[in-house]
Structures are given as structure tokens and as C-alpha cells.
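Observations on chain architecture
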Amino acid sequence: RAGRAMAAPRSFSAAEVRARCEQGDCLVRCRRRLYDLSGFVRLHPGGEQLLRQRAGTDVSAALDGPPHRHSANARRWLEQYYVGEMEPGEEQVPSAAPRPGWFSFSFQSPELVDEEVVDAAAQTPMQMDPRCKTVDVEKDLVDWQKPLLWQVGYLGEKYDEWVHQPVDRPIRLFHSDFLESLSKTAWYVVFMVWAPVVLYLSWVSYTSLAQGNTRLFSSFTTEYSIPVHKYYFPFIFLLGMFLWSLVEYLIHRFVFHMKPPASNYYLITLHFLLHGQHHKSPFDSSRLVFPPVPASLVIGFFYGVLRLLLPEVLGLSIFVGGLCGYVVYDMMHYYLHYGSPKKGTYLYGLKAYHVKHHFEHQKSGFGISTRFWDHPFGTLIPEETFKKED
């Protein structure tokens, strides 16, 4: 898609834009610049319906909000869908009666768009927003025709800015097809691999607790040790899920978002492998969940830690709750990128929150399955406020 911005711009008549919108395409314009968002509508954090309502209209004023002021990265992202220019004098796409299941293509929300702003925009000479920067794969800092993992380390001080300018294109990490396949995972694979493990270990934990041999502090004292009954298992399981939410936050903030030294090739490469590639291409569907092979190493580490700190069955019970929390986290993370939750729901707010983390607030908003830990750690993404300008 990035290549579109490099092609010679073609002209579109208002009738052609209207006809394509009636066929189900989602074309929008900024002054005379025309963008085809048909492949992006379901990924839009504001929901598919919001973009469908704006099909065929000028979204210049809506980009500045309210309800949401789009970031420089969002504007840069938009340029990847550029397809051409409106013919002079045909900036207004004629409206049509809405068909069942679709929307009027001349829709403009009076609460969101100031008519004076729109009029002023129409009189402004056509030019690209200076905050926008098209993705030129031939002039980019890396060669997109080759695996990126071994290139990013050479970016040095330019890496941090480059990796936080997202693009809508797949990433290849390795030369080896085998290693490349291990670095990609379909979302359902996580559920297929780990859900049976969660069920089996839950049964093992419950039946072991039912034997009545598990006691807290038994290694220190027999007289005052506390028995752990089988009825405690659901609460221990939930404790494990809660502890996972903290681990999720800490790993995301302090490991995935570490800023590698500009002079260290290997740390930059490691950062890109762990998380940087996800921020560079946030909608690469094959890289939104953790591959089972490296995940098993991390999961095994946490299991070993719990075995050392707690009685075997108690540690296993907390572990299986944490493992379930991880599965829920990975499923939610995929859905926050590719799902289209209903407006007003918890997941709708969480999707918008996570997309803000990707496009504008990379140093905050580290909670994914929940925003709970962003509150005590002071990393909550602030709510947007709009002041009326003179």
C-alpha cells in the first residue's frame, strides 16, 4: 500500500467517487487529495461505522477533532492510502439516498465539523499537511526488500524515531524461511496450544489440593502452618490472573519499551525483535501474538520462579491462573488491533486507548488487557480536551 503514494496521481471525478462509494468502497478526501480507506475501515479505532459515514466527504476538519485530534503519525498513516486528486471544481461529491445497511455519502455531523472551517479549507490551495510524510520504500532508512532484523541496528540514534513511525505493510525479519515461520503466529494458535494446558493444569491443581496435603509456611513451622483447601483454588486462580496483569504491564513498560543505546547494535536489534517490529507495523496480523516456541521459554521461567517461592501445588495453582491471564491478554491484543467492538463498550474504549499508545503516546498507556496499572504507576494516557480557538 505504501507504493500507492509514489505512483503518479490520477484525477477522479465526483461521479466516479460517488459510484465507488455506492459499491462499498470507502473513499475520503482532504481538500482535493483522495484516499481509499476500504482496507482500513475495520481497523479504525473509532469504528467502521464512523468511516463509512464519512465516505465521499472532506475529512480535513474532522482530523483535528473533536472528538479526537489525530496525531502526526495518524496523518502520516493516512498518506499510505493516497490514490489521486479530485478534478478541479468537483470537490463536492453529490449525495445519494442511503441504501439499507449503508449511509449517506454526504454525511457531515454538525457537532463535529465547523462550517467556517470547512469553507476556509475549501479556499486553501491544495497542499499536503506538513506533518504528513509519505512512506517511500526506496528512500527509507532500511531496505524493505530485505529482512529488517539485521538492518535496524545500524540506524543508531535514528532508530527510536523510525520505529515509532508506523507503516501498513508486512515485515520480514529473517533470511531463513524456517526462522521466519517461527516468528509468525496466527491468533488461534495461541488458544489451541495453551488452552488445553490451562485446563489440564487446573485439573491437576484442584485434585492435588483435594488431597489435603498442601499447607502454607510448613517449611518454617508445623504448628502454625495454614492448610490450603481445594475450595480455595478458584481464588488462587484469580490471584494468578491478577498477578499476570501486573507482569504484563511491567514487561511491556520496562522490557518492550526500553530505549536501547544508539551505539549498541545488538540491543537495538533485540528491541526490534521483541517489540519494535510490532510498533513499526502494528497491523501485521501474523505478529500480534507471541509465538509458542519463545513463549514456552518465558512461561517455563515463571513456573520455575513460582516453584522456588511457594509450595508445589500452590505455585502451580497461581501459575495456571497466570497462564490463563496470558492467553486472555494475547487474544485481547489481537482483537484490539483487528476487532471492531461496539461503541460504548469496554473493549471499544480499550481499543482506542491502545491505538493512542501506538500512534501518539508511546511512553504511556502500557496496560493492554486493562488500564488498571497505568493509574498507580502514573502512565495513564490523558483524556483529550478541546478549547475553542479564536
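Identification of the protein as Fatty acid 2-hydroxylase from Podargus strigoides is taken from an unreviewed UniProt entry. UniProt, in the comment section headed Sequence similarities (unreviewed entry), describes the protein in these words: "Belongs to the sterol desaturase family. SCS7 subfamily."

1. Focus: the environment of Trp373
Tracing the chain through its elements places Trp373 in the segment after helix H13 (346-359). Taking the C-alpha atoms as reference points, Trp373 and Glu248, 125 residues apart in sequence, are found 9.6 Å from one another. If sequence neighbours within four positions are ignored, Trp373 has contacts with Phe242, Ser245, Leu246 and Tyr249.

2. Considerations on the sheet that holds strand S1 (residues 10-12)
The four strands are arranged S1-S4-S3-S2 in an open sheet whose pairing can be described as mixed. Edge strands, defined here as strands with exactly one partner in the open sheet, are S1 and strand S2 (27-30). Across the sheet, the mean angle from the axis of one strand to that of its neighbour is 45°, orientation sign disregarded. Two strands pair when backbone bridges link them, and S2 and strand S3 (residues 33-36) are joined in this way by four bridges, in the antiparallel orientation. Considered in S3, the bridge of Val28 is made with Tyr35. With respect to the sheet, helix H1 (residues 14-22) is in contact with S1, S2, S3 and strand S4 (82-86), its orientation differing from that of S1 by roughly 75°.

3. Section: the side chain of Asp36
For Asp36, the location among the structural elements is in strand S3. Looking at Asp36, the relative accessible area reads 10%, which means it is buried. A polar atom in the side chain of Asp36 sits 3.1 Å from the side chain of Arg20.

4. Let's talk about the pattern of salt bridges
Taken as a whole and judged by the stated rule, the model has ten salt bridges. We note a salt bridge from Asp25 to Arg20, for which the minimum N-O separation is 3.1 Å.

5. Section: helix H12 (residues 312-338)
In a regular helix each residue adds 1.5 Å, so 27 residues correspond to 39 Å; H12 covers 39 Å between its end C-alpha atoms and thus fits that length. For H12, a buried count of 23 out of 27 residues is recorded, marking the element as mostly surrounded by other parts of the structure.

6. Concerning helix H10 (residues 265-280)
Relative to the 22 Å expected for 16 residues at 1.5 Å per residue, H10 spans just 18 Å between its end C-alpha atoms, considerably shorter than the ideal helical length. Tyr265, Ile268, Thr269, His271, Phe272, His275, Gly276, Gln277, His278, His279 and Lys280 are the residues of H10 that are buried. Sitting at the head of H10, Asn264 places a side-chain oxygen 3.1 Å from the backbone nitrogen of Tyr266.

7. A closer look at the UniProt feature "transmembrane region" (unreviewed entry) in the protein
This chain's UniProt record puts "transmembrane region" (unreviewed entry) on residues 186-206, 231-251, 288-310 and 316-336. Secondary structure across residues 186-206 comprises 95% helix and 0% strand; the distance between its end C-alpha atoms is 31 Å. Counting secondary structure, residues 288-310 comes out at 78% helix and 0% strand; the distance between its end C-alpha atoms is 33 Å.

8. Some remarks on the packing of aromatic side chains
Taken as a whole, this structure holds 27 aromatic pairs when the rule is applied. When the centroid spacing of 5.9 Å and the interplanar angle of 85° are considered together, the rings of Trp187 and Tyr188 count as edge-to-face. Ring centres of Phe372 and Trp373 lie 4.9 Å apart, and the angle between their planes is 85°; this geometry places the pair in the edge-to-face category. Owing to a relative accessible area of 43%, Phe372 belongs among the partly exposed residues under this scheme. Exposure remark for Trp373: the relative accessible area of 12% places this residue in the buried category. One residue, Arg33, lies across the ring of Tyr82, its end atom 4.0 Å from the ring centre. The ring of Trp162 has Lys280 lying over it, and the distance from NZ or CZ to the ring centre is 4.3 Å.

Cut-offs and rules
- Residues numbered from 1 in each chain as written.
- Predicted model: local features only at pLDDT ≥ 70, side-chain atom pairs only at ≥ 80, totals over all residues.
- Heavy atoms only, no water.
- UniProt positions renumbered as here; feature names shortened; annotations may be inferred.
- Helix = DSSP H or I, 4+ residues; strand = E, 2+ residues; numbered from the N terminus.
- Contact = heavy atoms within 4.5 Å.
- Pairing = 2+ DSSP bridges.
- Axes fitted to C-alpha atoms, helices over the stretch in contact; angles between N-to-C directions.
- Buried < 20%, exposed > 50% of the residue type's maximum accessible area, 1.4 Å probe, protein only.
- Polar contact = N/O pair within 3.5 Å; in protein donor to acceptor, adjacent residues only side chain to side chain.
- Salt bridge = Lys/Arg side-chain N within 4 Å of Asp/Glu carboxyl O.
- Expected span 1.5 Å × (residues − 1).
- Phe/Tyr/Trp six-rings, centres within 6.5 Å; stacked < 30°, edge-to-face > 60°.
- Lys NZ or Arg CZ within 6 Å of the ring centre and 35° of its normal.

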